[in-house]
Amino acid sequence: MKTFKKVALPYFIWAALFIVVSLLMVVYYGFSGEGGLTLDNFARFFAGSTLKTLARSLRIAFITTVFCLLLGYPLAYIISRLMVGYRNLAIILIMVPMWMNFLLRTYAWVTILSKNGIINVVLRSLGFEGLDLLYREGAVILGMVYNFLPFMVLPIYTVLEKMDQSLLEAAADLGCNRFKSFTKVIFPLSLPGVASGISMVFIPAISTFEITTLLGGNKTNLIGNVIEQQFTITGDWNYGSAISIVLMVFLLLSLFFTGREEEATSMRVEEVVGE
Amino acid sequence: MATQIELRDIVKSFDNHRVLDQINLEIEEDEFLTILGPSGCGKTTILRLIGGFESPDRGQVIFDGQDITGLPAYKRPVNTLFQKYSLFPHLNVYDNVAFGLRIKKIPENEIKPRVEEMLRLVNLRGFENRGVESLSGGQQQRIAMARALINRPEVLLLDEPLGALDLKLRKDMQSELKRIQKELGITFIFVTHDQEEALTLSDRIIVLNEGVIQQIGTPIDIYNEPINSFVADFIGESNILEGIMHRDYDVSFSGRNFVCVDEDFYPDEAVDVVIRPEDVEIVSNGKAQLHGQVVSCIFMGVHYEMLVSTDHEEYLIHSTVPREIGERVGLFIEPENIHIMRKGEVEGDEDL
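All values derive from a computational prediction rather than experimental measurement.

S.K.: Which parts of the structure should I look at to understand the overall build of chain A?
M.R.: Scanning chain A for helices and strands turns up 13 helices and two strands. Overall size of chain A, expressed as C-alpha extent along the three principal axes, is 75 × 70 × 35 Å. Residue burial in chain A is summarised as follows: out of 275 residues, 35% are buried. A sequence separation of at least 24 residues applies to 75% of the contacts in chain A between residues at least 6 apart.

S.K.: Hey, could you run me through the overall build of chain B in this one?
M.R.: A count of helical and extended segments in chain B gives eight helices and 20 strands. Its C-alpha atoms give chain B principal-axis dimensions of about 80 × 45 × 40 Å. Burial analysis of chain B (352 residues in total) assigns 39% to the buried set. Restricting the contact set of chain B to residue pairs at least 6 apart, pairs at least 24 apart contribute 66%.

S.K.: Explain the domain arrangement of chain B here, please?
M.R.: Residues and elements named next belong to chain B. As assigned here, chain B comprises domain 1 (3-224) and domain 2 (229-351). If you average the C-alpha positions of domain 1 and of domain 2, the two centres end up 37 Å apart. Listed by partner, the interface residues are ten residues for domain 1 and seven residues for domain 2. If you list the elements that add at least two residues to the side of domain 1 that touches domain 2, you get β9 (204-209), β10 (212-217) and α7 (219-224). Here the side of domain 1 that touches domain 2 is composed, by residue class, of six nonpolar, four polar and no charged.

S.K.: Can you walk me through the sheet that holds strand β7 (residues 155-159) of chain B in this structure?
M.R.: To summarise the sheet geometry, strands pair through backbone hydrogen bonds and adopt either a parallel or an antiparallel arrangement. All names here are of chain B. Reading across the sheet, the six strands line up as β6-β7-β8-β3-β9-β10 and stay open at both edges, with mixed pairing between neighbours. At either end of the open sheet lies a strand with only one pairing partner, and these are β6 (78-81) and β10. Sheet twist, expressed as the mean angle between neighbouring strand axes with direction ignored, is 20°. Bridge count between strand β3 (residues 32-36) and strand β8 (residues 187-192): five bridges; the pairing is parallel. Of the residues in β8, the one forming a bridge with Leu-33 is Ile-189.

S.K.: Is there a simple way to explain helix α1 (residues 43-51) of chain B in this structure?
M.R.: Counting along an α-helix, one turn takes 3.6 residues, and residues three or four places apart therefore face a common direction. All names here are of chain B. Most of α1 is tucked away, with eight of its nine residues classed as buried. Residues of α1 that are buried include every one of Lys-43, Thr-44, Thr-45, Ile-46, Leu-47, Leu-49, Ile-50 and Gly-51, and no others. Backbone geometry just downstream of α1 places Gly-52 in the positive-phi region, at approximately 95°.

S.K.: How do you make sense of the sheet that holds strand β15 (residues 280-283) of chain B when you look at a structure like this?
M.R.: Residues and elements named next belong to chain B. Spatial strand order, β15-β19-β16-β17-β18: five strands in an open sheet with antiparallel pairing. Edge strands, defined here as strands with exactly one partner in the open sheet, are β15 and β18 (314-319). Pairs of neighbouring strands in the sheet enclose a mean axial angle of 45°, with direction left out of account. The pairing of strand β16 (residues 290-299) with strand β19 (residues 328-333) spans four bridges and is classified as antiparallel. Note on β19: the bridge partner recorded for Gln-293 is Arg-328.

S.K.: Looking at this model, I keep getting lost on the pairing of strand β12 (residues 250-253) of chain B. Mind explaining?
M.R.: The side chains of a regular strand alternate between both faces of the sheet. Residues and elements named next belong to chain B. Side chains of β12 alternate between two faces, with Val-251 and Phe-253 buried and Asp-250 and Ser-252 left unburied. Relative to β12, strand β11 (residues 239-247) is paired through three bridges, and the arrangement is antiparallel. The residue bridging Met-245 from the neighbouring strand is Val-251, located in β12. Following β11, the chain reverses through two residues before pairing antiparallel with β12; Tyr-249 in that reversal takes a positive phi of roughly 65°. The pairing of β12 with strand β13 (residues 256-259) spans four bridges and is classified as antiparallel. Bridge pairing in β13 links Asp-250 to Val-259.

S.K.: What is the right way to look at the interface of chain A and chain B in this model?
M.R.: A common measure of how large an interface is: the accessible area buried when the components associate. On the side of chain B, 16 residues touch chain A, which itself brings 15 residues to the contact. At the level of elements, α8 (165-173) and α9 (178-207) of chain A are the ones that each hand at least two residues to the side of chain A that touches chain B. Here the element with the most residues in the side of chain A that touches chain B is α8 of chain A; it accounts for six residues. Residue classes in the side of chain A that touches chain B are distributed as eight nonpolar, three polar and four charged.

S.K.: I would appreciate a short explanation of the confidence of the model for chain A in the present structure.
M.R.: Note: predicted coordinates in regions of low pLDDT should not be interpreted at a detailed level. Averaged over every residue, the pLDDT of chain A is 85; residues scoring 70 or more account for 92%. Taken as a whole, residues 261-275 of chain A scores under 50 in pLDDT and shows 24 contacts with residues more than four places along the chain or in a different chain.

S.K.: What is the right way to look at the packing of helix α5 (residues 102-113) of chain A against helix α7 (residues 137-162) of chain A in this model?
M.R.: In a pair of packed helices, the angle between the axes and the distance between the axes together describe the arrangement. Residue and element names in this part refer to chain A. Contact pair α5 / α7: the axes reach a minimum separation of 11 Å and the direction vectors enclose 140°. Viewed along their axes, α5 and α7 adopt a mutual orientation that is oblique. As for the relative orientation of α5 and α7, their crossing is right-handed in sense. Note on element contacts: α7 touches α5 through Ala-139, Leu-142, Gly-143, Tyr-146 and Asn-147, opposite Phe-102, Arg-105, Thr-106, Trp-109 and Leu-113. Residues belonging to the contact of α5 with α7 are distributed by class as follows: six nonpolar, three polar and one charged.

S.K.: What exactly am I supposed to notice about the nonpolar core here?
M.R.: Side chains of a nonpolar character, in soluble globular proteins, are inclined to be buried together. In terms of nonpolar packing, the biggest core is built from 101 residues, with Ile-50, Val-97, Ala-146, Leu-156, Leu-157, Ile-189 and Ile-206 of chain B touching the most fellow members. Here this core gets six residues from one element, more than from any other, and that element is helix α4 (residues 137-149) of chain B. Two domains share this core, each providing at least three of its residues, namely domain 1 (3-224) and domain 2 (229-351) of chain B. Beyond its immediate stretch of four places on either side in the chain, Ile-189 of chain B contacts Ile-27, Leu-33, Ile-35, Leu-47, Ile-50, Val-155, Leu-157 and Leu-158 of chain B. Ranked by size, the runner-up nonpolar core spans 46 residues in total, among them Ala-76, Leu-113, Leu-134 and Val-201 of chain A.

S.K.: Would you explain the environment of Tyr-135 of chain A in this entry?
M.R.: Residue and element names in this part refer to chain A. As for its position among the elements, Tyr-135 is in the loop between α6 (118-125) and α7. For Tyr-135, a count of 19 C-beta atoms within 10 Å corresponds to the partly exposed category. For the pair Tyr-135 and Val-226, spaced 91 residues apart in sequence, the C-alpha separation works out to 17 Å. In this structure, Tyr-135 is in contact with Gly-216, Gly-217 and Lys-219, ignoring residues within four places of it in sequence.

S.K.: Honestly, the packing of α8 of chain A against α9 of chain A in this entry has me stumped. Any pointers?
M.R.: Residues and elements named next belong to chain A. Where α8 meets α9, the axes come as close as 10 Å, and the angle between the chain directions of the two elements is 130°. Here α9 runs oblique to α8, going by the angle between their axes. As α8 packs across α9, the resulting crossing turns out to be right-handed. Side by side, α8 and α9 meet where Leu-167, Leu-168, Ala-171 and Ala-172 of the first sit next to Ser-181, Lys-184 and Val-185 of the second. Along the lines of polarity and charge, the residues of the contact of α8 with α9 split into five nonpolar, one polar and one charged.

S.K.: Which parts of the structure should I look at to understand the pairing of β6 of chain B?
M.R.: Residue and element names in this part refer to chain B. Burial along β6 is two-sided: Val-78 and Thr-80 and Asn-79 and Leu-81, pointing in opposite directions, are all buried. Pairing geometry for β6 and β7, over four bridges, is parallel. Residue pairing in the sheet places Leu-81 in a bridge with Leu-158 of β7.

Rules used throughout
- Residues numbered from 1 in each chain as written.
- Chains lettered and ligands numbered in written order.
- Predicted model: local features only at pLDDT ≥ 70, side-chain atom pairs only at ≥ 80, totals over all residues.
- Helix = DSSP H or I, 4+ residues; strand = E, 2+ residues; numbered from the N terminus.
- Buried ≥ 20, exposed ≤ 12 C-beta atoms within 10 Å, placed from the backbone.
- Contact = placed C-beta atoms within 7 Å.
- Domains from an automatic or database assignment.
- Nonpolar A, V, L, I, M, F, W, Y, C, P; charged D, E, K, R; others polar.
- Pairing = 2+ DSSP bridges.
- Axes fitted to C-alpha atoms, helices over the stretch in contact; angles between N-to-C directions.
- pLDDT = per-residue confidence, 0-100.
- Parallel < 35°, antiparallel > 145°, perpendicular 65-115°, else oblique.
- Left-handed = near helix turned anticlockwise from the far one by under 90°.
- Core = buried A, V, L, I, M, F, W, Y, C linked by C-beta atoms within 7 Å.

This is how it looks when you write it as C-alpha cells:
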C-alpha cells in the first residue's frame, strides 16, 4: 500500500496543480472583484442578457442531445448486431473522423454549407435558388450533432455489444417477439449506456464555443462564447469565472439526473476512444 | 402414455461439422427424460431445437402431432431453464417471475397469486423484492425455474441446470427437481453430462455420443444392459475387455474361456466384454477363474477401489474388504455379470 502511494504521488501533484488549484482559482475570481470578495459578478449575470444566452445554450444542447440519441441509438444497435469483423470496421469508421482535428472537421461544414458551398452549387446547377444555410442555429446544431454523435454511439454500443445474448433467448422463451424483446429487455438494460451518452454529449454541447464561432457566426452566441470572450477579449476574468461556476452547477445537476450507473460504461468507452 | 414430442431424421451441422446425425426420438407426455452425453455430443443442440433457438438442416420437430419446425421460440408451448439462469438483471425477483405472464397481458391481480404460488413451489417466499444479483447460485436457479414454470408450459427444457452448483446444493436441487416434476406432472427434458444425475432423476435416459443416439432406456436398463462399450464406460465405471464369442454362451477373454448368458453372435465374432467393478469377486484360489496381484487399494467411502493386475490386463474391482498391495488374489465373475457387446452397435441397429 505504501509503494502504491509513492507511485501515485506524481499523479496526485498533477491533479492538485491542474484540477484543484485551477478550480479554486476560478472560484476565487468568481467571488471577487475590484473591492475584494463580492457577489456582484453573479448579480450581474442573473440580471443581464447572459441569462438568456444560458437558456439558449441549454435549449441547443438539449436539441443536440436528442438528435444524437435518435440517430445514435439505432446506429449503435445496428452495429452491435453485425458480424464481429464488420462490427469493428464500423466502430473504426465512426472513430476515424475523431482522430482528425476538431476545428478542421468543423471547417469542412463551412465549405459545404456556405453561400458558394457544395450544397448551393449543386442546387443552383439544378436550377433551384441557393439557400442561406450557414450562420444559423440549424448549422450550429448540425455541427454539434456531427461532432458529438460518436460520444453517444460508443457508450450505447459498448453496453449493447456486451449484453448477454442468453437474456434475449430467455425473453424469446418467455413469449417475447423481437419488438417486445427490445422494449422489455434490450432497451432497459442499455439505459446505463444511454445515460452515459447523454452526459457525454450534453456537457461538451453546452460549453462549446468553437462550433458556434465557425458555424453560427456571431449571431448564435452560446454561453461558451460569452465565457471565452470574457477571458480573451473583454479581459473580465471575474465575470467569466462567475459564469463558469454557474455552468458547472448546471452540469453537476445534469450529471446527478443521468445517474451514477453510467460510470462503469463511460470508463470502458474512454478505453475505446483513447482520448 | 402418448407421444408428445417427436424428432424425425434431424440433421444439424455447424460450420460443416455434423453435430446431430439422423436423430429419431419420441418423447412421452409427462416423463422425465434425460439426454446424457459428454460435452460436445450435441445434447444441448437437441434441446435448442425443441426450444426453437436453432432450426435443423433436415428433419422435423413434431409437437402433439403438429409440425413446429419453423415456429419461432416465443410461440412454442415449452419453456427453458437456462444453464446460466439468464435472469433479467434490471428486474427484481417478482418482476422476473411475472415476466412471461405480463408479456401475455394477464391482469396484474391474476399474476400476483401465481407468482406467490411459484415462489412457494421453489421455496423462496419472501424474496419478491430482492434484486436477482444479490441471490446465490442455487436461489437464482430456483427463480429461473419459477420464471419458466409460471407460464404453465407443457414441457420444461433444462439445459445442465445444476452444472454450476456445488455438490451439496446439486443433491438438494436434484430432489427438488424430481419433486416439482411430480407435483406439476409435466414433461421434463433434462440435459446433463453427469451420469449419476441422469440415473437418479430420469424415467428414461438417452445416451448421445458424437451426434448419434447410442441407447435409449430406463436407468436400470442402461446401467445393467449397456448396448456398447461407450455406454458401458460412460455410465459408471467398467472393465472393458477384448473378447471372442466362440458360440452361444461361450466367450474367451483374459486368456481363458468363460461361460456367459449371451447368444446370437456370429461364430468367433470379436466382441467387447464389459464387467462392472462391483461384479468382480475376490475369492480363494480354489474357486478362482483368474489370478492376479493387487496393484493399488484406495478407500472410497462405501467401498475400496482396487486394481488387480492379471497376466493380460488390469481389473478395476470394488469390494468392501481391503487387500494388501502386492497380495496374490483369485478373481471370479458370475456368468450373468459378463456383458457381451457387438462392437460399435447403437440404438436401432437390431431393427435393420
